[in-house]
Amino acid sequence: MASVTLRNVKKSYAAAAVIHDVDIDIPDGEFVVLVGPSGCGKSTLLRMIAGLEAITGGEISIDGRVVNDLEPKDRDIAMVFQNYALYPHMSVEKNMGFSLEHRGASKEEIAGRVNWAADILGLKALLQRRPGQLSGGQRQRVAMGRAIVRDPQLFLFDEPLSNLDAKLRVVMRGEIKRLHHRLKTTTVYVTHDQVEAMTMADRIVVMNAGKVEQIGTPIELFDKPANLFVAGFIGSPAMNFIPGTLLADTAIVGVRPEHFEIAEGGLQITVTLVEPMGSDTQISGKVGDTDIVAVFHRRVAANVGDVLSLKPIATEIHRFDAAMGLRL
Amino acid sequence: MRTDLSPRIKLALYGLLCTLAIPFVFPTWWMVTSSVKPISQIFAFPPEIIPSSFDWSTYADVFRLQPFAQQYWNSCYIAAIVTIGTMAVSSPAGYAFARIKFPGANLLFMVVLLGLLIPSEVTIVPLFQIFLKWGMINTHWPLILIPIFGAPSVFATFVMRQFFIALPVELEEAARVDGLSRFKIFWTIALPLAKPALAAVAIFTFLHSWNLYLEPIVFLTSPEKFTLPQALTQYVDVYQGPMWNIQLAAATLTALPVLIVFIFAQRQFIEGLAHTGLKG
């Protein structure tokens, strides 16, 4: 286990800067999720921590040791890749024990560690199979087994669930989290899925265009987004941004879909879509040119074309500076 | 082939395919059947598709008139060494061009590829002078060294490079995290996965060496040093006319390993080409 520190970390490809002065402190044992839209630089940052990508400026330390110029093998890390990167010509057992074998571990030690990991991940029956003979979820587990077998200081996950179907993703999410609780190894996890980030992270780093927009616990980010980008990115459906003029305010007002009530004196929205989801009802509508989405944790009798009066719950509104988009 | 076709259409399709196959199969059939015919029957009109008599003595003559077993061995061992040597040169070269980023890599690769455009007839005289200086005339060295460092190896390097480019880079990154050096990544991860491409290279190279004709006739002078394509031309009568039936018997024996290689390795061969993007 180890702490990880990023100080003014930069990355450029020729003249194009893709990571701008990133500062992150990850304490020992924490599960940190880097989240952001495609192309925001989160995977590049993870690869820089891994040593697979050279850094242009700044400093990366793992357990107090600057690792800028160290090869990945010397950083004592393990990484799980998006496409698992299992060696197709080796059995599950060989895949899991491969790094130990190349680090000179004895056969007994390799067998012991592989069996320990296989036991944790329920892979015992699959040890002699090749990756091609496994399902997506099983491959994912083997990739995790390969990572934990070496007992590294730091786990790095690069969108490991994006190749799985929705149901399996939820199952594997739980498994990864349980594994972290058990091993308490510092983990950096990259995803573009904010639900994954919210459910798994001790802390979330929201990135956009190579910059860190906000770092905080899932609840902090949800309750107190630092700016319009974070407010819009965290939460599903996304937060509504209502021009202040509609609510007699000078700022942009952010209201989460679940923070509306149907009451007199609210925004008069014309319903454009009603989505009943059993326990919830999602209603989309328009007020002037502004789109509004509201979610009610009950059934609402509304039809397309109806006019509803939606009133933001006063204690739950967020206000953002119209010029800079920062939280007020 | 689609399985929902009616039997009549299937029959028609098979008939068409068989008809189209005739121009390709006929020369082989002609070679094999003519090797057991007396010379007079080979040129008989109308031609005999199925020989009326079988004269197997032509096969004994193949070995009686020339040191054919020695020549067969020469071809076998030269082709084997050339195949192994070419794979040994082209796989690391292809890997380097696919994976190692260095200034001018693409330009250098283009220059290497340009070697394929130079006909061997153009370089044969300077090569002769070089091997003469090295005292290698009438030895098998030119037939080994020229393909390993010449056009077949360039082509093999191209095939290997295309394969390695298509190999997911994450496999190598995982190996880097696992602690492997560049060479070990190549040796334990990339190369074992390149078996289909290596098989394609092996078949191409083996056939190229097996069929090599210009170089043997330039560099070899003693019959016991000859390789098979050169040996085939030596079955002539006292007037230098070809002894067709004996020549075709020798040609049949020469074609045998090629047929065997194709029958047993055709799947690997096609897979290899498919992997390297050379086919569809």
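Only a predicted model underlies this, so the values are computations on that prediction, with no experimental measurement involved.

Caption draft 1: Structural view of the overall build of chain A. A count of helices and strands for chain A gives 8 helices and 17 strands. Considered along the principal axes of its C-alpha atoms, chain A spans approximately 75 × 45 × 30 Å. When each of the 328 residues of chain A is scored for burial, the buried share is 50%. Pairs at least 24 apart in sequence give 64% of the contacts found in chain A among residues at least 6 apart. Accessible area of chain A: about 14,400 Å², with a carbon and sulfur share of 51%. Looking at chain A, you have 36 positive and 39 negative side-chain charges, and the mean spots of the two groups are 6 Å apart.

Caption draft 2: Local environment of helix H2 (residues 92-102) of chain A. Along H2(A), the residues that are buried comprise Val92(A), Asn95(A), Met96(A), Gly97(A), Phe98(A), Ser99(A) and Leu100(A). Each element contacted by the buried residues of H2(A) is listed here: helix H3 (107-121) and helix H4 (136-148) of chain A together with helix H9 (169-178) and helix H10 (182-193) of chain B. Downstream of H2(A) by a residue or two, Gly104(A) has a phi angle that is positive, lying close to 80 degrees.

Caption draft 3: Just the sheet that holds strand E12 (residues 252-255) of chain A, in detail. Residues and elements named next belong to chain A. Within the open sheet, the 3 strands sit side by side as E11-E12-E17. Their pairing is antiparallel. Edge positions in the sheet fall to strand E11 (240-242) and strand E17 (318-320), since each of these pairs with one other strand and no more. The sheet shows a mean angle of 30 degrees between the axes of neighbouring strands, direction not considered. One ladder, built from 3 bridges, connects E12 with E17; its direction is antiparallel. Residue pairing across strands places Val 253 opposite Arg 319, the latter belonging to E17.

Caption draft 4: Focus on the interface of chain B and chain A. Of the residues lining the interface, 16 residues belong to chain B; the matching set on chain A comes to 23 residues. Carbon and sulfur atoms make up 62% of the area that chain B and chain A hide from each other, which totals about 1,700 Å². Area buried by chain B at its contact with chain A is led by Arg176(B), Val177(B) and Asp178(B), which between them contribute 39% of it. Joining chain B to chain A, the criterion identifies 3 salt bridges. The partner of Arg47(A) in a salt bridge is Glu173(B), with the nearest N and O atoms 2.6 Å apart. Between the two partners, chain B and chain A, sit 8 residue pairs in polar contact (both at pLDDT 80 or more). Elements with a minimum of two residues in the side of chain B that touches chain A: H9 and H10 of chain B. When residues of the side of chain B that touches chain A are assigned to their parent elements, the largest contribution, 8 residues, is made by H9(B).

Caption draft 5: Main features of the sheet that holds strand E10 (residues 211-216) of chain A. Residues and elements named next belong to chain A. Read from one edge of the open sheet, 6 strands run E6-E7-E8-E3-E9-E10, paired in mixed fashion. Looking at the sheet topology across the chains shown, the edges are occupied by strand E6 (77-80) and E10. Averaged over all adjacent pairs, the angle separating strand axes in this sheet is 15 degrees, with direction ignored. As paired strands, E6 and strand E7 (residues 154-158) are joined by 4 bridges and run parallel to one another. The partner of Val 80 across the bridge, within E7, is Phe 157.

Caption draft 6: Highlighting the pairing of strand E14 (residues 280-287) of chain A. Residues and elements named next belong to chain A. E14 sits mainly inside the fold: 6 of its 8 residues count as buried. With 7 bridges joining them, E14 and strand E15 (residues 290-296) adopt antiparallel strand pairing. Paired with Thr 281 across the bridge in E15 is Phe 296. Linking E14 to E15, which pair antiparallel, is a turn of 2 residues; within it Gly 288 sits at a positive phi near 65 degrees.

Caption draft 7: A look at the pairing of E7(A). Residue and element names in this part refer to chain A. Judged by how many residues are buried, E7 sits mostly within the fold: 5 of 5 residues are covered. Going residue by residue along E7, you find Leu 154, Leu 156 and Asp 158 tucked away on one face and Phe 155 and Phe 157 tucked away on the opposite face as well. The pairing of E7 with strand E8 (residues 186-191) spans 5 bridges and is classified as parallel. Bridge pairing in E8 links Phe 155 to Thr 187. Once you follow E7 into helix H5 (residues 166-183) and on to E8, the crossover reads as right-handed.

Caption draft 8: Looking closely at the packing of helix H4 (residues 68-99) of chain B against H10(B). All names here are of chain B. H10 packs onto H4 with a crossing angle of 105 degrees between their chain directions and a minimal axis gap of 12 Å. Of the possible angle classes, the one that applies to H4 and H10 is roughly perpendicular. Listed contacts from H10 to Ser 91, Pro 92, Tyr 95 and Arg 99 of H4 are Arg 182, Ile 185, Phe 186, Ala 190 and Leu 191. When the residues that make up the contact of H4 with H10 are grouped by side-chain class, the tally is 6 nonpolar, 1 polar and 2 charged.

Caption draft 9: Local environment of the packing of H2(A) against H3(A). Residue and element names in this part refer to chain A. Two elements in contact, H2 and H3, have axes whose closest approach is 9 Å; the angle formed by their N-to-C orientations is 130 degrees. The angle between H2 and H3 falls in the class oblique. Handedness of the H2/H3 crossing: right-handed. Between H2 and H3, the contacting residues are Glu 93, Met 96, Gly 97, Leu 100 and Glu 101 on the first element and Ile 110, Arg 113, Val 114, Ala 117 and Ala 118 on the second. Partitioned by chemical class, the residues of the contact of H2 with H3 number 6 nonpolar, 1 polar and 3 charged.

Caption draft 10: Region of interest: the confidence of the model for chain B. All names here are of chain B. Looking at chain B as a whole, the pLDDT averages 89, with 95% of positions reaching at least 70. Taken element by element, the predicted model of chain B shows its lowest mean pLDDT in helix H14 (residues 244-275) (82) and its highest in H4 (96). At the level of chain-chain contacts, confidence expressed as ipTM amounts to 0.84, with global pTM at 0.81.

Criteria and thresholds
Numbering of residues starts from 1 in each chain and follows the order in which that chain's sequence is written. Each chain is given a letter, starting from A, and each ligand a number, starting from 1, according to the order in which they appear as written. Since the coordinates come from a predicted model, pLDDT governs what is reported: local features require at least 70, and pairs of side-chain atoms require 80 or more to be given and counted, while whole-chain, interface and lining totals use all residues. Remark: hydrogens and water are excluded; side-chain values derive from all non-hydrogen atoms of the structure. Segments assigned H or I by DSSP are reported as helices when at least four residues long, segments assigned E as strands when at least two residues long, and all are numbered from the N terminus. The buried label goes to any residue with under 20% of its type's maximum accessible area, the exposed label to any with over 50%, and the partly exposed label to all in between, with areas taken from a 1.4 Å probe on protein chains only. We call two residues in contact when some of their heavy atoms are within 4.5 Å. Every accessible area reported is derived by Shrake-Rupley at a probe size of 1.4 Å, with residue values counting cover from the shown protein chains alone. By the counting rule applied here, Lys and Arg register as positive and Asp and Glu as negative, while His and the ends of each chain are not counted. Where a charge lies is defined by one atom per residue type, namely NZ (Lys), CZ (Arg), CG (Asp) and CD (Glu). Any two strands are treated as partners once DSSP identifies two or more bridges connecting them. Each axis is a line fitted through C-alpha atoms, and for a helix only the stretch in contact is used; angles between axes span 0 to 180 degrees, taken between their N-to-C directions. When two parts are put together, the accessible area they lose, computed with a 1.4 Å probe and summed over both, is reported as buried area. By definition, a salt bridge exists where a carboxyl oxygen of Asp or Glu is found within 4 Å of a side-chain nitrogen of Lys or Arg. The term polar contact refers here to a pair of N or O atoms within 3.5 Å; inside protein, the definition further demands a hydrogen-donor-capable atom paired with an acceptor-capable atom, and it admits residues adjacent in sequence only when both atoms are side-chain atoms. Looking down the strands as they point away from you, a crossover is right-handed if its path from the first strand over the helix to the second goes clockwise. Orientation categories follow fixed angle ranges, with anything under 35 degrees roughly parallel, anything over 145 roughly antiparallel, 65 to 115 roughly perpendicular, and all other angles oblique. Any residue that is not Ala, Val, Leu, Ile, Met, Phe, Trp, Tyr, Cys, Pro, Asp, Glu, Lys or Arg is counted as polar, Gly included; the first ten are nonpolar and the last four charged. Should the near helix be turned counterclockwise from the far one by less than a right angle, the crossing is left-handed, whereas a clockwise turn marks it as right-handed. What pLDDT reports is the predictor's confidence in each residue, on a scale of 0 through 100.

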